[in-house]
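# Observations on the three-dimensional arrangement
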Amino acid sequence: MILKNLFPGLGSRKSATVPMVKLTTAEKKRLAITLFAGKIIGVLVLLIGIKIILPGMLGNSAFAQETYTAHETTMMNTANTIWTLVAAFLVFGMQAGFVMLEAGFARQRETVNVLMECVFDTCLCGLLFWAIGYAFMFGQGNGLIGWGGGALAGGDPKSWYFLQGTPLTYAGTGIPILAHWIFQYAFADTCSTIVSGAMIGRTSFRGDILYSIGITGFIYPIIGHWAWGPDGFLALMGSTGHLFPSLGTGFRDFAGSTVVHSIGGIASLAGAIVLGPRLGRVFKRDGGGMPPAHNLSLAALGTFVLWFGWYGFNPGSSLSAMDMQGIGRISANTTLAACAGGITAMYVALWFGDTKGKFDLGYTLNGVLGGLVAITCPCYWVSPLGAVLLGGVAGIVVWLTMVFMEYIRIDDPVGAVAVHGVAGIWGTISLGLFACGQYGATGPTGADNSAPVAGLFYGGDASVFKAQCIGSFTICMAVFIVTIIMMFIINKLPHPWKLRVEAEGELMGLDLFDHGTEAYAS
């Protein structure tokens, strides 16, 4: 009753009808002028408020010189930490994409094995990266390996093993060390998961445990330290007192085309070579071809999940929410490279090879992923046009590599070597070609474009291109040599620890042989 007295039309359709009022031309003009004036006043009030609260945003010289109060610094560090954590969660979510993609491309009888490997690798990686991996990769040490302490910890000589003795924040980022750890753990987990893709269907689960320890605990963090560590020899290359000082520039890999993807892809190649092809696998040149994927719907869904996760992978590597232009540009470049890679891979498969005349979904999915892998290194320094061009080349590179792998009889069920290994190499060296000469470095308070990076196609000299080639070649060769030795040794162990599963287990299917269950029980 009270509501009806206050609102007489409540509950009555008839009384709720509002009669239309026809305004004269003069009344319409007055209404428009009033609305426009109100918006202008609102904007002026907003600008005045910004001028009072954050004077630097309107050109205050103190802001331009990057002198901040303690409160402003705390707020920026908080924003950067939130940004980094959200990105870490997105990257971690890529594990769902990996299990879908790999399981979709695998045969039905090895689906559970793929899922179990990915889950186990994620758990194992977390413990190893906590115990030793983070210290090896991001701790201060020497050009080859880190362990912690030193200037990054305020002169404290204690190692960072088990995340002990670490400072509150990492280097000059202002981000808590544990937030930085969770972000980098998600990257390490990605590298670890890549490796299993080329080894599907014939790797024993116990053998998977052993090589995962080697890659996650030692190969990835130690070799990754060369490029991303505070004193890695590739990161410091080109400077006085370090490798090739006359080069004048170091190796760059913004989000990991080489450090994450090429390491994973080249390790996959080593594993596939040592294992040999799956039993009964007949290659194209021998009258056969790749066994059909058991669930392309799952593979396509996994690709989109991975694409979504890449919006944490690449923009999140800025570790800075303050670099608004930078993270926006990275996101756009990531999208465009993926689109271009998918299109070019689809069309080269349509025009050439054994799928000529057909729009092949598998090649298209891997083309998208190849574009994403390629843009991961140069995403900060290239323009949108550069992203389209290098992403399009990546799609072609992926197709060519998959055809070549089939020709030389290397069995890679998901195309991990092509997508992560070779596309990662292309993306890394493409920086020396497509860096547009407008952008320098990101940072906790925003971009620093005082020393922009320019590639050969944008008026730069060959120094960046040379540095990228040196870094990519060094890392890929080191990973291949160390990994193939490790895989060879594991494959010489007695059953059941041997890398390759027993023939009876492969023919039965790893789901039943190693795990005692099927993915699609009738």
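Cut-off values and rules
- Residues numbered from 1 in each chain as written.
- Predicted model: local features only at pLDDT ≥ 70, side-chain atom pairs only at ≥ 80, totals over all residues.
- Heavy atoms only, no water.
- Helix = DSSP H or I, 4+ residues; strand = E, 2+ residues; numbered from the N terminus.
- Buried < 20%, exposed > 50% of the residue type's maximum accessible area, 1.4 Å probe, protein only.
- Contact = heavy atoms within 4.5 Å.
- Core = buried A, V, L, I, M, F, W, Y, C linked by side-chain atoms within 4.5 Å.
- Axes fitted to C-alpha atoms, helices over the stretch in contact; angles between N-to-C directions.
- Left-handed = near helix turned anticlockwise from the far one by under 90°.
- Nonpolar A, V, L, I, M, F, W, Y, C, P; charged D, E, K, R; others polar.
- Salt bridge = Lys/Arg side-chain N within 4 Å of Asp/Glu carboxyl O.

### A look at the environment of L512
In this fold, L512 is placed in helix α16 (residues 510-515). Residue L512 is classed as partly exposed on the basis of its relative accessible area of 38%. Spatially, the C-alpha atoms of L512 and N113 are 9.0 Å apart, while their sequence positions differ by 399 residues. Discounting residues that sit within four places of it in the chain, L512 has contacts with T517 and E518.

### A short note on unusual backbone geometry
At the junction of H495 and P496, the peptide bond is cis and its omega measures out at 10 degrees in the coordinates. By the element assignment, P496 lies in the loop between α14 (463-491) and α15 (503-508). One non-glycine residue, F162, lies in the positive phi region at around 60 degrees. By the element assignment, F162 lies in the loop between α5 (111-138) and α6 (177-197). Phi is positive for F244, which is not a glycine, with a value near 45 degrees. Inspection of the secondary structure assignment puts F244 in the loop between α7 (205-228) and α8 (257-275). The class for F244 is partly exposed, based on a relative accessible area of 41%.

### Focus: the nonpolar core
Core analysis: the biggest nonpolar cluster contains 116 residues, and F129, Y134, Y211, Y220, W228, I475 and M487 have the highest contact counts within it. The greatest single-element share of this core, amounting to eleven residues, is contributed by α6. The contact partners of Y220, leaving out residues within four places of it in the chain, are F129, M137, F187, A188, C191, I215, W228, V259, V260 and I263.

### Here we look at the packing of helix α10 (residues 324-351) against helix α11 (residues 361-376)
Running from N to C, α10 and α11 point in directions that differ by 145 degrees, and their axes come no closer than 7 Å. Where α10 crosses over α11, the two elements pack in a sense that is right-handed. On α11, the residues that touch N333, T334, A337, A338, G341, G342, A345, M346 and A349 of α10 are Y363, T364, G367, V368, G371, L372 and I375. Looking at the contact of α10 with α11, its residues break down into nine nonpolar, seven polar and no charged.

### Some details on the environment of T190
Here T190 is to be found in helix α6. Judged by its relative accessible area of 0%, T190 falls in the buried class. It is 8.6 Å that separates the C-alpha atoms of T190 and T122, two residues lying 68 residues apart in sequence. Setting aside chain neighbours within four positions, we find T190 in contact with V91, Q95, F98, V260 and F313.

### Overview of the pattern of salt bridges
Evaluated as defined, the whole model comprises seven salt bridges. Between E110 and R107 there is a salt bridge; the shortest N-O distance is 3.1 Å. Taken as a pair, E110 and R107 share a single burial class, namely buried. A salt bridge links R281 to D411, with the nearest nitrogen and oxygen atoms 3.1 Å apart. Within this pair, whereas R281 is found in the loop between α8 and α9 (296-313), its partner D411 is found in the loop between α12 (384-407) and α13 (416-434), the two being separated by 130 residues in sequence. Taken together, the shared-partner salt bridges connect R107, E110, R278, R281, E406 and D411 into one network.

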